[in-house]
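What follows is the residue order along each chain.
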Amino acid sequence: MTRMTTHKIGQMKTKSKKIVMLTAYDAPTASILSECGVDMILVGDSVGNALLGYESTIPVTLDDVIHHCAAVSRARPDSLIIGDMPFMSYKVSEEQALENCALMLQEGGAEAVKIEGAGRVVDIVQAVVDAGIPVMGHIGLTPQSIFQMGGYRVQGRTAEKTELLVEQAKQLEAAGAFSMVIELVPSETAKMITEAVSIPTIGIGAGPYCDGQVLVLWDMLGLFEDFKPKFVKKYACIRDVIKNAVSEYAEDVRKGTFPEKEHSFEMSEEETGRLYGRSKPSR
Ligand code: KIV
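What counts, and where the lines are drawn
Residues numbered from 1 in each chain as written. Predicted model: local features only at pLDDT ≥ 70, side-chain atom pairs only at ≥ 80, totals over all residues. Heavy atoms only, no water. Salt bridge = Lys/Arg side-chain N within 4 Å of Asp/Glu carboxyl O. Helix = DSSP H or I, 4+ residues; strand = E, 2+ residues; numbered from the N terminus. Buried < 20%, exposed > 50% of the residue type's maximum accessible area, 1.4 Å probe, protein only. Pairing = 2+ DSSP bridges. Axes fitted to C-alpha atoms, helices over the stretch in contact; angles between N-to-C directions. Contact = heavy atoms within 4.5 Å.

(A) The arrangement of the pattern of salt bridges in detail. According to the stated counting rule, one finds ten salt bridges in the structure shown. One salt bridge in this structure joins glutamate 111 and arginine 3, with 2.2 Å as the shortest N-O distance. Note that glutamate 111 is positioned in the loop between helix 5 (94–106) and strand 4 (112–114) and arginine 3 in the segment before helix 1 (6–14), a separation of 108 residues in sequence. Judged by relative accessible area, glutamate 111 falls into the partly exposed class, the value being 25%. Measuring nitrogen to oxygen at the nearest pair gives 2.9 Å for the salt bridge that ties lysine 13 to aspartate 211. Of the two residues, lysine 13 is situated in helix 1 and aspartate 211 in the loop between strand 7 (201–204) and strand 8 (212–215); the sequence distance between them amounts to 198 residues. If you follow the salt bridges from partner to partner, you end up with Glu225, Arg239 and Lys243 in one network.

(B) Up close: the sheet that holds strand 8. Ordered by their spatial adjacency, eight strands build a closed barrel running 1-2-3-4-5-6-7-8, and the pairing between neighbours is parallel. Each neighbouring strand pair of the sheet contributes to a mean axis angle of 25°, computed without reference to strand direction. Bridge count for strand 7 against strand 8 is two bridges, and the pairing is parallel. Bridge pairing links glycine 203 to glutamine 213 in strand 8. In the packing of helix 9 (residues 187–196) onto the sheet, contacts are made with strand 5 (135–140), strand 6 (179–183) and strand 7, and the angle to strand 6 comes to roughly 170°.

The following block contains the structure:
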């Protein structure tokens with residue numbers, strides 16, 4: 001795959017080619033995703049739940065995302081790298097948004113940013129795009145507003161709420177967003193939004209009609225035992241793979257069957273002889 005660009009992502013919708021996006025937070029997984037031809041890598045604030053042990057994305061800081069984004073960008077993936085702007089890192093003022101989005105590109109190595117929300121966020125999206133920074137929008141369930149939304153609940157379940165989401169999507173398109181995530185809405189709602197805008201929609205828990213799909217990598221790889229949302233398909237059970245390998249290692253160490261000769265370094269016979277022939281260390 002040659003390097004992905006926001007321009008090519010836009011063309012994929014025109015050509016009815018489905019867009020593949022996954023999250024990554026480190027260099028080795030970023031390079032695996034790139035080798036697999038993943039179109040976009042999102043360095044999501046989901047790093048908070050997935051890797052940092054937080055219960056939500058609220059505690060994740062700009063420095064956290066930049067740190068992980070820089071690791072992803074050092075892998076030099078062909079996939080487009082999107083840095084997720086964390087809680088309150090872009091809502092205080094246009095100036096704050098511009099400065100922090102710039103840092104995501106300059107220090108994190110991102111090629112675009114993702115910004116949650118609509119309403120007054122639309123003006124911020126416009127300012128960031130005007131500054132030359134590509135923006136991916138994010139509507140439907142926006143986890144940074146979880147306390148206001150009353151939990152991780154499906155959005156846009158009524159005709160009225162669907163119309164509101166379609167309106168928000170059109171506003172984000174008019175503000176210059178190059179694509180948008182639609183999270184946790186009924187399939188019909190996502191279909192209406194997708195048909196109403198000319199920029200690609202990337203769904204998560206939004207059914208099959210979006211222009212592309214995104215999942216949190218560690219959810220689809222099966223790292224977690226207790227987290228089983230309806231919208232995640234588990235393609236592997238990496239937790240069992242890790243547990244089996246670690247248990248085998250622990251058993252080998254306890255029995256003394258690891259390390260074996262093939263994992264150990266040897267001295268030459270001459271040096272070994274000298275070592276054992278010595279009664280005291282020579283000076
Ligand atoms: O942070 C994240 O990973 C996201 C995706 C779930 C879209 O925002």
